[in-house]
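Commentary on secondary and tertiary structure
The lines below spell out each chain.
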Amino acid sequence: MMPSPDPAGPSACSPRTLELLRDLIAFDTTSRNSNLDLIHYIRDHLAALGVSSTLVFNEERTKANLYATIGPMDRGGVCLSGHTDVVPVDDQDWSSDPFTLTERDGKLFGRGTADMKGFIAAALAMAPDFLAANLTTPVHYAFSYDEELGCLGVPGLLTQLAGMAVKPRLCVVGEPTRMRVIVGHKGKVALRCRVHGHACHSSLAPQGVNAVEYAAELVSFLRGMGRRFAEQGPFDYDYDVPFTTVHTGVMEGGTARNIVPSDASFEFEIRHLADHPVAPMLKELRDFAKTLEPEMRAVRPDAGFSWETLSDSPALDTPPESEEVTLVKNLAEQNGHGKVAFGTEGALFTSIANIPAVVCGPGDIEQAHKPDEYVELSELARAERFLHRLRDAVKKGL
């Protein structure tokens, strides 16, 4: 059932936003799927208003980023950024169809409502208002793919933006922060380690190289690193978890109890503070792995470890006293700011395209990725008020 909010109520959001959100939720843009149907829908929606879009595809041309500008092209303006992909609903117990927008008790349920199609819908709903305002400073839309896989899609778009003579002055990333102004988040690197051992019958275990056990030694070493960071820092108390964290999430290996396993692998991530560089941590881990290889290669010369980087996203650390942050605080009608543990594409806007980024969007990250994900109607209304104030600001010129 679609909501029918009172347009005059303080918690209401516009029918235009609700209609767009209903349509966006209906596209199953789980990261394993193409997002092109949704991207074409947005492109066509903007084209009907007279706004052209640029699509930046992946190599297979199965996914695309979208970039569009409303207003003059000869000055920077403000970019509104969101990712179009969502996480899977597999094995989750939903009370309603996750790809049908459903209202209950002032909340809109559906996969991506909070993370982050609610923001995209509100931003797109403002397009007619931006056009009618005859902006003297432009508003840009940047909608990406594969953020949930480690921000894999947006770099292609940002590389193009980096080469433009005029690019946005500021990026607002609409991740769910309950409209709090967020100036920082941790960086994240994720790796897969493969352990190459040598199989034999378990009764002859010393003649084999047990890949699972050597993998376990490295996982234990990572656990020790994480404990050290928790105890010794460095610390940044603007975060709920004020130190760098280390986490092993996947471990595989072995075929039977009576066979010494020849292969094993594990995947781990490090979420690090901006002033805590990750390269020395990875060197420390690899140096420890090298101390194990002589023992392994005494049995099997080709035994050892190989490494694969799965994702590498930098930390965001926008100076809170900057003009860009001050602008977003004014739009959000807030004096304070914060930092979050989860990553966003904002750091890539800064590191690749040198565009300052601030994170501010409707919904709560606590609802993201869960069954019965929702965004409150009142949150979308707050986002709309933010965007109306942005319209007024860019109409006057920043």
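Above this text sits the structure in question.
What this report covers is the structure whose coordinates are included nearby. Being a predicted model, the structure only gives us computed values, none of them experimental.

Let's talk about the packing of helix H3 (residues 113-125) against helix H10 (residues 377-396)
How two helices pack is summed up by the angle between their axes together with the distance between the axes. One can describe the packing of H3 onto H10 by two numbers: an axis separation of 10 Å at closest approach and a directional angle of 40°. Taken together, the axes of H3 and H10 lie oblique to each other. Note that H3 runs across H10; the crossing there is right-handed. For the pair H3 and H10, the contacting residues are Gly118, Ala122 and Ala123 in the first and Leu380, Ala383, Glu384 and Leu387 in the second. For the contact of H3 with H10, the per-class residue count stands at five nonpolar, one polar and one charged.

Let's talk about the packing of aromatic side chains
What the rule picks out here adds up to seven aromatic pairs. Judged by centre distance (5.7 Å) and plane angle (20°), the rings of phenylalanine 235 and tyrosine 237 are stacked. Its relative accessible area of 33% is what places phenylalanine 235 among the partly exposed residues. Classification of tyrosine 237 by relative accessible area gives exposed; the value is 63%. Between phenylalanine 266 and phenylalanine 268 the ring centres are 5.9 Å apart and the planes differ by 35°, which places this aromatic pair in the tilted class. For the pair formed by phenylalanine 266 and phenylalanine 268, the shared burial category is buried. Taken together, Phe235, Tyr237 and Phe243 form an aromatic cluster joined through their ring pairs.

Thoughts on the sheet that holds strand S13 (residues 263-272)
Read from one edge of the open sheet, four strands run S11-S13-S9-S14, paired in antiparallel fashion. The sheet is open, and its two borders are formed by strand S11 (245-253) and strand S14 (304-313), each paired with just one other strand. Across the sheet, the axes of successive neighbouring strands diverge by a mean angle of 15°, strand direction being ignored. The pairing of strand S9 (residues 187-196) with S13 spans 10 bridges and is classified as antiparallel. When the sheet's bridge partners are listed, valine 189 is paired in S13 with isoleucine 270. Against the sheet, helix H6 (residues 211-232) contacts S9, S11, S13 and S14, and its axis sits at roughly 170° relative to S11.

About the thresholds
- Residues numbered from 1 in each chain as written.
- Predicted model: local features only at pLDDT ≥ 70, side-chain atom pairs only at ≥ 80, totals over all residues.
- Heavy atoms only, no water.
- Axes fitted to C-alpha atoms, helices over the stretch in contact; angles between N-to-C directions.
- Helix = DSSP H or I, 4+ residues; strand = E, 2+ residues; numbered from the N terminus.
- Parallel < 35°, antiparallel > 145°, perpendicular 65-115°, else oblique.
- Left-handed = near helix turned anticlockwise from the far one by under 90°.
- Contact = heavy atoms within 4.5 Å.
- Nonpolar A, V, L, I, M, F, W, Y, C, P; charged D, E, K, R; others polar.
- Phe/Tyr/Trp six-rings, centres within 6.5 Å; stacked < 30°, edge-to-face > 60°.
- Buried < 20%, exposed > 50% of the residue type's maximum accessible area, 1.4 Å probe, protein only.
- Pairing = 2+ DSSP bridges.

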